[in-house]
Amino acid sequence: MKKITFLLLLSILSFPLLGSVTAYRGSILHFLEDPAQSRVLDESYQYIEDGLLVVANGKVKYVGEYQDIAHHYPEHWIKDYRGHLIMPGFIDTHIHYPQTEMVAAYGQQLLDWLEQYTFPTERKFADKKYARKISRTFLKQLISNGTTTALVFGTVHPQSVDALFHYAQKLNMRLIAGKVMMDRNAPDYLLDTPESSYEESKQLINKWHKKGRLLYAITPRFAPTSTPEQLRLAGKLKQEFPDTWIHTHLSENLDEIEWVKSLFPDRSSYTDVYHHYGLTSSRSVFAHAVHLEDEEYPLLSSSQSAIAFCPTSNLFLGSGLFNLKKAKDNKIRVGMGTDIGAGTSFSMFQTLNEAYKVTQLQKYPLSAFEGFYQATLGSARALSLENKIGNFTLNKEADFNVIKWAATDYQKFRMQFADELHERLFALMMLGNENNIKATFIAGKKAKLHRW
Ligand code: GUN
Ligand code: ZN
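About the cut-offs
Residues numbered from 1 in each chain as written. Chains lettered and ligands numbered in written order. Predicted model: local features only at pLDDT ≥ 70, side-chain atom pairs only at ≥ 80, totals over all residues. Heavy atoms only, no water. Donors = N, O, S within 2.8 Å, 3.2 Å for Na, K, Ca; no water. Tetrahedral: all angles 85-135°; square planar, octahedral: opposite > 155°, others 65-115°. Buried < 20%, exposed > 50% of the residue type's maximum accessible area, 1.4 Å probe, protein only. Near = heavy atom within 4 Å. Polar contact = N/O pair within 3.5 Å; in protein donor to acceptor, adjacent residues only side chain to side chain. Areas by Shrake-Rupley, 256 points an atom, 1.4 Å probe, with all protein chains shown as cover. Helix = DSSP H or I, 4+ residues; strand = E, 2+ residues; numbered from the N terminus. Contact = heavy atoms within 4.5 Å. 1 Å grid on protein atoms, 1.4 Å probe; cavity = no way out; pocket = protein on both sides within 12 Å on 5 of 7 lines; lining within 4 Å. Points joined across faces, edges and corners; volume = space filled by probe spheres on them. Nonpolar A, V, L, I, M, F, W, Y, C, P; charged D, E, K, R; others polar.

Draft legend 1. A look at the coordination of the zinc ion (ligand 2). Protein ligation of the zinc ion (ligand 2) involves His94 (NE2), His96 (NE2), His249 (NE2) and Asp339 (OD), the donor distances falling in the range 2.0 to 2.4 Å. Each of the 4 donor atoms around the zinc ion (ligand 2) contributes to a set of angles spanning 87 to 172°, which defines the coordination as irregular. In terms of primary sequence, the donors binding the zinc ion (ligand 2) are separated according to H-x1-H-x152-H-x89-D. Neither residue differs from the other here; His94 and His96 are each classed as buried.

Draft legend 2. Spatial organisation of the site of ligand 1. Around ligand 1, a shell composed of His96, Gln99, Leu110, Trp113, Leu114, Arg221, Phe222, His249, Glu252, His288, Asp339 and Ala342 is seen. Here a nitrogen atom of ligand 1 and a side-chain polar atom of Glu252 are 2.7 Å apart. Take Asp339: an N or O atom from its side chain is 2.8 Å from a nitrogen atom of ligand 1. Taking 280 Å² as the accessible area of ligand 1 by itself, protein coverage stands at 100%. When residues in the shell around ligand 1 are grouped by element, the largest group, 3 residues, is from helix α4 (residues 110–123).

Draft legend 3. View of the environment of Leu142. On the secondary structure map, Leu142 appears in helix α5 (residues 128–144). You can call Leu142 buried: its relative accessible area is 1%. For Leu142, the residues in contact, after removing those within four places along its chain, are Ile95, Thr147, Ala150, Met173, Leu175 and Phe346.

Draft legend 4. The layout of surface pockets, seen in detail. Of the voids in this model, the largest pocket is the one considered here, and its volume is about 500 Å³. If you go around the largest pocket, you meet 21 residues; those closest to its centre are Ile442, Gly444, Lys445, Lys446 and Ala447. Looking at the lining of the largest pocket, the elements with two or more residues in it are β1 (21–31), β2 (45–56), α6 (158–171), β15 (437–442) and β16 (445–446). Here the lining of the largest pocket is built from residues that sort into 9 nonpolar, 6 polar and 6 charged.

Draft legend 5. Up close: the side chain of Asp192. Tracing the backbone through its elements, the reader meets Asp192 in the loop between β8 (180–181) and α7 (194–208). Taking the relative accessible area as the measure of exposure, Asp192 reaches 9% and is therefore buried. Looking at Asp192, its side chain comes within polar contact range of the side chain of Lys179, at 2.8 Å. Not counting residues within four places of it along the chain, the set of residues in contact with Asp192 comprises Val156, Lys179, Val180, Met181, Met182, Asp183, Ser197 and Gln230.

Laid out in structure tokens, this is it:
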């Protein structure tokens, strides 16, 4: 209590310096540790039935019991969200914005799906106007679904990334994105060269990386569409700009893996291809990792690389079942990814719903605690952004959602029969969708999409 009072007094006394202070009253849930790895489950999260979240200048200043501190604040500073759940913003660690228009493309597995649907769609992003239009639609989908940070693929066209960053900056989002590097095994109209991809990526880094909340990811599409020379130059870029991210695909589909073996016969595994070119690191995120061989786990772990678990995509493309437990047992950080457009929903609730089914098939039923950890702090850790986002500890950036426990008639009916916290959270995780997101706040400001 003493510490709390001190912090409060400090924030109130320094009010003129703090600028705008707002407080949000509601049930608050956030995570401090991975519930699956914490010795005491209760210590891995904080749940406050009647809580207050205090935000100043876009940062978290306090989270605690409403009754302990509310009297320090003028009433008009407090927004009343009683009956709702306040949670950190969701974090999507793998998504393709140009594929927003092609979710639910029928019938193919990865390599044919790329040829038949994906490459023709991505061709359209040579047109900057088109890229801007889809960027707006995409960001609206993220916000409507409560996703406040994402690691995003553009297309091979640098202007696709300009368009996305342009609007993400208007929203003040913490967003990581990059231009695809791809110099072989795709239609001519989508190919760059090792040199042009290096130069264009470098220009984009200089233009956007760390501009406001924006960050850059060096983005070779996947090993089959890059020559060794292009991967070498991607590694060189990473050396020149070590605080950028690496974002690519790994071990998603069995035919893809065979193909990688034939293209890189000297490498001991798919992971080793990336490792060899200097693309594994604490800021490297590999999407899928469904069919890793045993020797690849220690390589990912020792290089501190992270995996994006994309359950809706892995099921939709018939790719396979990601082994969450094995990755965690090997001390590999894992984030959640929707992988739109192979994924089938922008909603993190729906992504966790399918994650649950994937883990069930492996006799490891994902709890709602672990699920919501994964979608918030777990994903922040996978992106090495846990010092900035992912929970409500002091001075984190105030990205958060106000969530309706029940948004449809059936959800309301079902919730009547869920008493205990985990039961309620699990029903929300399995049944929730964008209708459950009442409001999304980015750096302390309510995102207002109708302004666009
Ligand atoms: N592997 C290479 N490109 C892609 C892509 O666009 N989507 C998915 N799911 N896997 C890929
Ligand atoms: Zn992908």
